[in-house]
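Analysis of the macromolecular model
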Amino acid sequence: MTTNSFAGRTAVMSGGSRGIGLAIALEIGRRGGNVVLLAKTDTPDPRLPGTVHTAVDEIVAVGGHAVAVVGDVRNDEDIQRAAATAAETFGGIDIVVNNASVLNLSRTTELPLKRFDLMQQVNVRGTFALTQACLPHLVESENPHVLTLSPPLNMSKEWLGKHPGYMLAKYGMTLAALGIAAEYADEQISCNCLWPESTIATAAVENLLGGKEGVAHSRSPQIMADAAVAVLGRKKGELTGQTLIDVDVLTEAGVSDLSIYGGIEPISLDIFVDPR
C-alpha cells in the first residue's frame, strides 16, 4: 500500500542540488513534504547546473517546504546541523535519502589513494553518519524510511573487477543500509536501497561516463524520482532490507510504459546492472 501525500513528512537528503537527488526532492515537495538539503554547492559552478539554494527555490515552487544547509557530508558538525535543522524547523525527521556520492572508475593502480579515501568518506561514511544522526528522530516517526541510492550486491567477476575502488564505495553504502535495516527491524524503520537499471541523464553521466552520446541513451532522472516516492510512500515496516531497481519498483506500481522517461534505444545499462 502506498500514499501519494507526503504532507507533514520531513526528509533529510545529502546532496540534491541537481540530478537524481533534486528530482527526488522535487517529488517529495510536490506531494506536500518538507525537505532539508545538506549540500556543498553554495555558489554556482560553471561546469554544473544549480546550487542548494536554487534547489530549495524549485521545491518551494512545486508546493513543498525546503531549507538549505550548506555543508559537507564528511563533516560531523554539518551532519548534526542538518538533523537539528530538520527537527527544529519541521518538528522531526521521517525520511533520510542518502544521495551524495563520488564517482571514480579508475583501475586500482591508477586510483590515487586520496581519491579512494574521498569515495569512502562521502559514500560509505557519509551514508552511515547521516543515517546515524537522524535515527533518534526516525524512531519517533509514524512512518520512518531510509533510502540509499546504491546498487544490489552484484558479485559477478565483471563488476568486482572492473573498478574495485568504486565498487567498495557503492557496495559499502548498500551494506550499511542492509545492516541498519536488520538492526532496526523491530522498530520498523524501512531501510532500502534504490538503483537505476539504466544510466541517467545527469551531468555526471555526461562528464564522466559517455558524453552527450551517453546522455542520449539514458533515461530521465524522473524515473528514479517516481520510483523513490513509490518506495517512500509505503507503510511503516512494509518494505525493508531490499536492494531495489527503479524499473521493478515502477512495474509493481503499475507503470508499463518506460518511454515516458526518454532515452534513445538502445538504452544503456547502469554500472553493476546485468542484461535481463
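See the structure printed just above.
Residues numbered from 1 in each chain as written. Predicted model: local features only at pLDDT ≥ 70, side-chain atom pairs only at ≥ 80, totals over all residues. Heavy atoms only, no water.

Now for the packing of aromatic side chains. One pass over the full model with this rule turns up four aromatic pairs. For the pair Tyr166 and Phe272, a centre-to-centre distance of 5.9 Å together with 20 degrees between the ring planes defines the contact as stacked. Separated by 106 residues along the polypeptide, Tyr166 in helix α6 (residues 164-183) and Phe272 in the segment after α9 (246-252) bring together distant segments of the chain. Exposure remark for Phe272: the relative accessible area of 2% places this residue in the buried category. Pairing Tyr171 with Phe272 gives two aromatic rings, centres 5.1 Å apart and planes at 50 degrees, and the pair type is tilted. Taken as a pair, Tyr171 in helix α6 and Phe272 in the segment after α9 lie far apart in primary sequence, 101 residues in all. As far as the burial class goes, Tyr171 and Phe272 line up, both buried. (Phe/Tyr/Trp six-rings, centres within 6.5 Å; stacked < 30°, edge-to-face > 60°. Helix = DSSP H or I, 4+ residues; strand = E, 2+ residues; numbered from the N terminus. Buried < 20%, exposed > 50% of the residue type's maximum accessible area, 1.4 Å probe, protein only.)

Attention now moves to the side chain of Asp72. Relative to the helices and strands, Asp72 is located in the loop between β3 (65-70) and α3 (76-90). On the accessibility criterion, Asp72 (15% relative accessible area) is buried. Only 2.7 Å separates the side chain of Asp72 from the side chain of Arg74, close enough to count as a polar contact. Not counting residues up to four positions away in its chain, the partners in contact with Asp72 are Leu38, Lys40 and Asp78. (Polar contact = N/O pair within 3.5 Å; in protein donor to acceptor, adjacent residues only side chain to side chain. Contact = heavy atoms within 4.5 Å.)

What follows covers the sheet that holds strand β5 (residues 145-148). Spatially, seven strands are ordered β3-β2-β1-β4-β5-β6-β7 in an open sheet, and the strand pairing comes out parallel. At either end of the open sheet lies a strand with only one pairing partner, and these are β3 and β7 (243-245). Each neighbouring strand pair of the sheet contributes to a mean axis angle of 20 degrees, computed without reference to strand direction. As paired strands, strand β4 (residues 95-98) and β5 are joined by four bridges and run parallel to one another. Opposite Val97, over in β5, you have Leu147 as the bridge partner. Its contacts with the sheet put α3 on β1 (10-14), β2 (34-39) and β3, and the angle it makes with β3 is roughly 155 degrees. (Pairing = 2+ DSSP bridges. Axes fitted to C-alpha atoms, helices over the stretch in contact; angles between N-to-C directions.)

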